[in-house]
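The residues making up each chain are set out below.
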Amino acid sequence: MSNPDFNLLAALDALLAEGSVAGAARRLGLSASAMSRTLSRLRQVTGDLLLVRAGRGMVLTPHAEQIRDRTRQTLTEARSLLLPAASGLDLRTLRQTFRLRTNEGFVETFGAALVTAAAQAAPEVCLRFVPKPEKTPRSLREDDIDIEVGVLHGMGPEIHLQTLFRDRFIAAVRLGHSLVTPMPVTPERYAACRHVITSRQGKLAGPVDKALAAHGLTRRIAAVTPDFSAALAIAAQSDLVALVPASFFMQKTLGGGTRQTLQAFSLPVATPEITVSQMWHPRRKADPAHQWLRQLLLTVCRRQADELHRCAQREWPTWFR
């Protein structure tokens, strides 16, 4: 093409990212037939089939695999040319939706404070909290999200990260549970109970089990839930012992949902601290709006975490240290 149609670049990016005509059509808000016609044009322009049938689905050709990352980078660069210069960023008029991939516990603990702080500085900004079905860098690399919040794990060397706060796991049981009367809670008494844990992947073992194993102990996992709220709900109405982050439990307590039904205490075995970070792709490093968002997350999360820690010391000076 002597004068290429650069509108095709976004369609090419969507097709290569989704690996299907239907998925690309949904991403761009087009009909499947319109996207199919665009694919035909792209095949003509590039001289390659790009997507070929494989059973009931479609797969990328070798050439499509080769240009997928370059296509995303080129599209991102092209879009950045149309963004305001750093000196021209006006938070009062900034209209942008930021996509934050987090788990439900983070949203429940820090979501309200984040939304409030964002609205005060940039009233036209929207924070879209995206669920986290998996823990991979794919969404960051493909620019499907702006920031990932969580515990660093296999995100790749190119991903930037910054520690937001540190947390730890604690135990929670219903008021009057036999485990906390009489004191103290020993590793043996803790392990002898039935437990409810949280895992998106359904894993049954973690750092607590490793710590118990050092004492020659194992615990019985009676239930696995997808989020911490569900684990606390089960513990509040049974004899199961829940395992939740301290910050999450304290936020629930401050909100009035658990104070009358649950009691928290430190684990009787030593487990590593939880380091919660924000992660982003290098393409967003110099984006002034993204820089503002990262600083907002850092400020709000650290302030909220410090406040929750002080509350914990005040509410449970003996049990929750």
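In the block above lies the structure referred to throughout.
Notes on the structure in this doc start here. Note that this is a predicted model, so its numbers are computed, not measured.

### Concerning the side chain of His 195
Here's step 1: Along the polypeptide, His 195 turns up in strand β8 (residues 194-198).
Here's step 2: A relative accessible area of 0% places His 195 in the buried class.
Here's step 3: Looking at His 195, its side chain comes within polar contact range of the main-chain oxygen of Cys 193, at 3.3 Å.
Here's step 4: When residues no more than four places from it in sequence are discounted, the contact partners of His 195 are Tyr 190, Arg 219, Arg 220, Ile 221, Ala 222, Ala 223, Leu 240 and Val 241.

### Some words on the pattern of salt bridges
Here's step 1: For the structure on display, the rule yields 15 salt bridges.
Here's step 2: Across the pair Asp 209 and Arg 219 runs a salt bridge, and its minimum N-O distance is 2.8 Å. Highlighted residues: Asp 209 in helix α8 (residues 207-213) and Arg 219 in the loop between α8 and β9 (220-225), separated in sequence by 10 residues.
Here's step 3: Here Asp 209 falls in the buried class, since its relative accessible area comes to 17%.
Here's step 4: You can call Arg 219 buried: its relative accessible area is 11%.
Here's step 5: A single network of salt bridges, built from pairs that share partners, joins Arg 99, Asp 143, Asp 146, Arg 284 and Asp 287.

### Details of the packing of aromatic side chains
Here's step 1: Enumeration according to the criterion identifies 5 aromatic pairs in this entry.
Here's step 2: With 6.2 Å between their ring centres and 50 degrees between their planes, Phe 98 and Trp 292 make a pair best called tilted. With Phe 98 in strand β3 (residues 97-101) and Trp 292 in helix α11 (residues 288-315), this pair connects stretches of sequence that are 194 residues apart. An identical accessibility class is assigned to Phe 98 and Trp 292; each is buried.
Here's step 3: Among the aromatic residues, those joined into a cluster by ring pairs are Phe 106, Phe 110 and Phe 165.
Here's step 4: A cation sits over an aromatic face here: Arg 294 above Trp 280, 4.4 Å from the ring centre.

### Here we look at the nonpolar core
Here's step 1: Counting 27 residues, the largest nonpolar core has Phe 98, Phe 106, Leu 127, Phe 165, Trp 292, Leu 293 and Leu 297 as the members making the most contacts within it.
Here's step 2: Of all the elements in the fold, those that place two or more residues in this core are β3, α5 (104-121), β5 (147-150), β6 (160-167), β12 (274-280) and α11.
Here's step 3: The biggest single contributor to this core is α11, with 9 residues.
Here's step 4: Leave out the neighbours within four places in its chain, and Phe 165 touches Phe 106, Phe 110, Ser 247, Ile 274, Thr 275, Val 276, Cys 301 and Ala 305.

### Thoughts on the packing of helix α1 (residues 7-18) against helix α2 (residues 21-28)
Here's step 1: Closest axis-to-axis distance for the α1/α2 pair is 8 Å, and the angle between their directions is 130 degrees. In this view, α1 runs oblique relative to α2, as classed from their interaxial angle. Considering the relative orientation of α1 and α2, their crossing is right-handed. Facing α1, whose interface residues are Ala 10, Ala 11, Asp 13, Ala 14, Leu 15, Ala 17 and Glu 18, α2 presents Val 21, Gly 23, Ala 24, Arg 27 and Leu 28.

### A closer look at the sheet that holds strand β10 (residues 241-245)
Here's step 1: Taken in spatial order, the 5 strands of this open sheet run β9-β8-β10-β7-β11, and their pairing is mixed. Of all the strands in the sheet, the pair left with one neighbour each is β9 and β11 (262-265). Sheet twist, expressed as the average angle between the axes of neighbouring strands with direction ignored, equals 35 degrees.
Here's step 2: As paired strands, β8 and β9 are joined by 5 bridges and run parallel to one another. Bridging across to β9, Thr 198 finds its partner in Thr 225.

### Structural notes on the environment of Phe 165
Here's step 1: Relative to the helices and strands, Phe 165 is located in strand β6.
Here's step 2: Sequence separation of Phe 165 and His 290 is 125 residues, and the distance between their C-alpha atoms is 19 Å.

### Remarks on the sheet that holds strand β4 (residues 126-130)
Here's step 1: The strand order β4-β3-β5-β12-β6 describes an open sheet built from 5 strands, whose pairing is mixed. With partners counted over all chains shown, the strands left at the sheet margins are β4 and β6, one partner each. Going from strand to strand, the sheet's axes swing by 25 degrees on average, the running direction of each strand aside.
Here's step 2: Sheet analysis places β6 next to β12, joined by 7 bridges and oriented antiparallel. Note that in β12 the partner of His 160 across the bridge is Trp 280.
Here's step 3: Sheet strands in contact with α5 are β4, β5 and β6, and its direction is about 165 degrees off that of β4.

Definitions and limits used
Residues numbered from 1 in each chain as written. Predicted model: local features only at pLDDT ≥ 70, side-chain atom pairs only at ≥ 80, totals over all residues. Heavy atoms only, no water. Helix = DSSP H or I, 4+ residues; strand = E, 2+ residues; numbered from the N terminus. Buried < 20%, exposed > 50% of the residue type's maximum accessible area, 1.4 Å probe, protein only. Polar contact = N/O pair within 3.5 Å; in protein donor to acceptor, adjacent residues only side chain to side chain. Contact = heavy atoms within 4.5 Å. Salt bridge = Lys/Arg side-chain N within 4 Å of Asp/Glu carboxyl O. Phe/Tyr/Trp six-rings, centres within 6.5 Å; stacked < 30°, edge-to-face > 60°. Lys NZ or Arg CZ within 6 Å of the ring centre and 35° of its normal. Core = buried A, V, L, I, M, F, W, Y, C linked by side-chain atoms within 4.5 Å. Axes fitted to C-alpha atoms, helices over the stretch in contact; angles between N-to-C directions. Parallel < 35°, antiparallel > 145°, perpendicular 65-115°, else oblique. Left-handed = near helix turned anticlockwise from the far one by under 90°. Pairing = 2+ DSSP bridges.

From the geometry alone we can't say anything about function, so treat these as descriptive.
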